[in-house]
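So the chains spell out like this:
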Amino acid sequence: MTITDDIIRQIQGKDRSVLARCITLLESTAAQHRYASRDLLTRLPRTSPTIRLGITGAPGVGKSTFIDAVGMADIANGKSICALTVDPSSPVSSGSILGDKTRMSQLSLSSEAYVRSSPSGTQLGGLSSRSYDVIRLCTAAAFDYLYVESVGVGQSELDIAQATDLTILLMQPGSGDDLQGIKKGIMEIADIIVITKDDGDLAPQVRHMQKHLRSAVPLQRREGPVPVLSCSALSGAGLSDVRDAIGGWIADHTSSLKEKRAAQESYWYEKKASQLILDYVLASSTIGAAYRDSLTGIHDRSQDIYQALDHLENLLREGL
Ligand SMILES: Nc1nc2c(ncn2[C@@H]2O[C@H](COP(=O)(O)OP(=O)(O)OP(=O)(O)O)[C@@H](O)[C@H]2O)c(=O)[nH]1
Ligand SMILES: [Mg+2]
């Protein structure tokens, strides 16, 4: 794929098929796609009005259904939507990709929305740095709202906060998501917490959980308490409060978003540059070979890890 001015214009025009082809290019691990990928990313416009919302939470908490419902409400309000889901399970699990698509059944059918599932790549449970490239691409397409769904496991929940403007943490009662089960890290990055499935039999437990979360100490941030809301994506109850809270957050943070995005760029540069340096060093004959030999040696216990590290450091020092 050759990146032409036309392609950049089609991206900015939200052309679905061009976006799909570009995402496939960015996700490709083939060496021959590397140059075109970089070319594309370099030529994308660097400013965009798109608001990026990270939606995270435990598997099955209702992330896709939530995005479908909130996204459709945005569309009814005249907005355009992009919804990306990062599937951490496996690059070949087409089953769960299909699952995500069907659970965003309304958005998938809407002409104002672009829905795409991406495998998270090789970084287990994490948002791969390729996901960030895809987010950058879809940001350049200037949708009004870009939703990024990521399962709240391990590193991915922290990475998602580095790739989006605000992070919405979804929780549900009776799923181990009680106060003891909540990890501190995710609490600290959540800008808005929404308790899902506030309908039917779960409603009393939702109230109980909401009360507990509102009094939880880690939620009292410098900028004030983190809103703890509840909704039902199925009945629509509470969704307008959630949308108001999102609107309120955006209004409060418009002036600081540029700075936040610049800090995120540094984060991803560091991550990508470290990987690049590592790949290059490991590909070099002496250092790469020494590294692989030591790995085998440590595994069969013929070598000590600290001696191996010493040896590696000496080689690196000589090489620089
Ligand atoms: N009662 C009720 N069920 C819901 C609601 N939202 C989602 N569900 C159900 O919860 C299940 C999981 O919903 P998803 O939207 O796929 O959840 P998810 O967090 O995207 O799941 P993964 O992507 O697999 O992690 C489905 O069976 C939904 O129908 C809700 O508001 N009320
Ligand atoms: Mg989902």
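The shown structure was predicted, so the numbers you read here are calculated from the model rather than taken from an experiment.

1. A look at the nonpolar core
Link 1 in the chain: In terms of nonpolar packing, the biggest core is built from 31 residues, with L53, F66, L107, I168 and I192 touching the most fellow members.
Link 2 in the chain: At the level of elements, β1 (51–57), α4 (63–76), β2 (81–87), β3 (113–119), β4 (145–151), β5 (166–171), β6 (192–195) and α11 (239–253) are the ones that each hand at least two residues to this core.
Link 3 in the chain: Looking at which element gives the most residues to this core, the answer is α11, with six residues.
Link 4 in the chain: Ignoring any residue separated from it by four or fewer positions in sequence, one finds F66 in contact with I55, G71, L170, V194, C231, A233 and V242.

2. Observations concerning the site of ligand 1
Link 1 in the chain: Taken together, 17 residues form the shell around ligand 1, and within it K63, T65, R103, D199 and A233 come nearest.
Link 2 in the chain: S64 has a polar backbone atom sitting 2.9 Å from an oxygen atom of ligand 1.
Link 3 in the chain: Between an oxygen atom of ligand 1 and a main-chain N or O atom of L234, the distance comes to 3.4 Å.
Link 4 in the chain: Contact with the protein chains covers 75% of the free accessible surface of ligand 1, which is 650 Å².
Link 5 in the chain: At the level of secondary structure, the elements contributing two or more residues to the shell around ligand 1 comprise α4, α5 (94–103) and β4.
Link 6 in the chain: For the shell around ligand 1, the element with the highest residue contribution is α4, accounting for three residues.
Link 7 in the chain: In terms of residue class, the shell around ligand 1 is built from six nonpolar, five polar and six charged.

3. Focus on helix α14 (residues 305–319)
Helical geometry: 3.6 residues make up each α-helical turn, so side chains three or four residues apart lie on a common side.
Link 1 in the chain: Over its 15 residues, α14 extends 21 Å from the first C-alpha to the last, a length consistent with the 21 Å expected when each residue adds 1.5 Å.
Link 2 in the chain: Residues of α14 that are buried include every one of A308, L312 and L315, and no others. Seen end-on, α14 carries its buried residues on one side only, within an arc spanning 60°. Among the exposed residues of α14, those pointing more than 90 degrees away from its buried face are Y306, Q307, R317 and E318.
Link 3 in the chain: In this fold, the buried residues of α14 make contact with α13 (285–299).
Link 4 in the chain: The N-cap residue of α14 is D304: its side-chain oxygen and the backbone nitrogen of Y306 are 3.0 Å apart.

4. Quick notes on the pairing of β4
Link 1 in the chain: Counting buried positions over the seven residues of β4 gives seven, a clear majority of the element.
Link 2 in the chain: Going residue by residue along β4, you find Y145, Y147, E149 and V151 tucked away on one face and L146, V148 and S150 tucked away on the opposite face as well.
Link 3 in the chain: Of the strand pairs in this sheet, β1 and β4 are connected by seven bridges, and their pairing is parallel. By the bridge assignment for β4, G57 is matched with V151.

5. Quick word on the packing of helix α12 (residues 257–283) against α13
Link 1 in the chain: Their axes nearest at 5 Å, the elements α12 and α13 cross at an angle of 90°. In this view, α12 runs roughly perpendicular relative to α13, as classed from their interaxial angle. Contact residues: α12 offers V281, L282 and A283, while α13 offers S285, I287, G288, Y291 and R292.
Link 2 in the chain: In the contact of α12 with α13, the residues fall into five nonpolar, two polar and one charged.

6. Considering empty space enclosed by the protein
Link 1 in the chain: For the structure on display, the rule yields one cavity of 30 Å³ or more.
Link 2 in the chain: Of the volumes computed, that of the largest cavity is approximately 40 Å³.
Link 3 in the chain: Listed by contribution, the elements that provide at least two residues to the lining of the largest cavity are β2 and α7 (129–140).
Link 4 in the chain: When grouped by side-chain class, the residues that make up the lining of the largest cavity number five nonpolar, three polar and no charged.

What counts and what doesn't
- Residues numbered from 1 in each chain as written.
- Chains lettered and ligands numbered in written order.
- Predicted model: local features only at pLDDT ≥ 70, side-chain atom pairs only at ≥ 80, totals over all residues.
- Heavy atoms only, no water.
- Core = buried A, V, L, I, M, F, W, Y, C linked by side-chain atoms within 4.5 Å.
- Buried < 20%, exposed > 50% of the residue type's maximum accessible area, 1.4 Å probe, protein only.
- Helix = DSSP H or I, 4+ residues; strand = E, 2+ residues; numbered from the N terminus.
- Contact = heavy atoms within 4.5 Å.
- Near = heavy atom within 4 Å.
- Polar contact = N/O pair within 3.5 Å; in protein donor to acceptor, adjacent residues only side chain to side chain.
- Areas by Shrake-Rupley, 256 points an atom, 1.4 Å probe, with all protein chains shown as cover.
- Nonpolar A, V, L, I, M, F, W, Y, C, P; charged D, E, K, R; others polar.
- Expected span 1.5 Å × (residues − 1).
- Arc of directions from axis to C-beta.
- Pairing = 2+ DSSP bridges.
- Axes fitted to C-alpha atoms, helices over the stretch in contact; angles between N-to-C directions.
- Parallel < 35°, antiparallel > 145°, perpendicular 65-115°, else oblique.
- 1 Å grid on protein atoms, 1.4 Å probe; cavity = no way out; pocket = protein on both sides within 12 Å on 5 of 7 lines; lining within 4 Å.
- Points joined across faces, edges and corners; volume = space filled by probe spheres on them.

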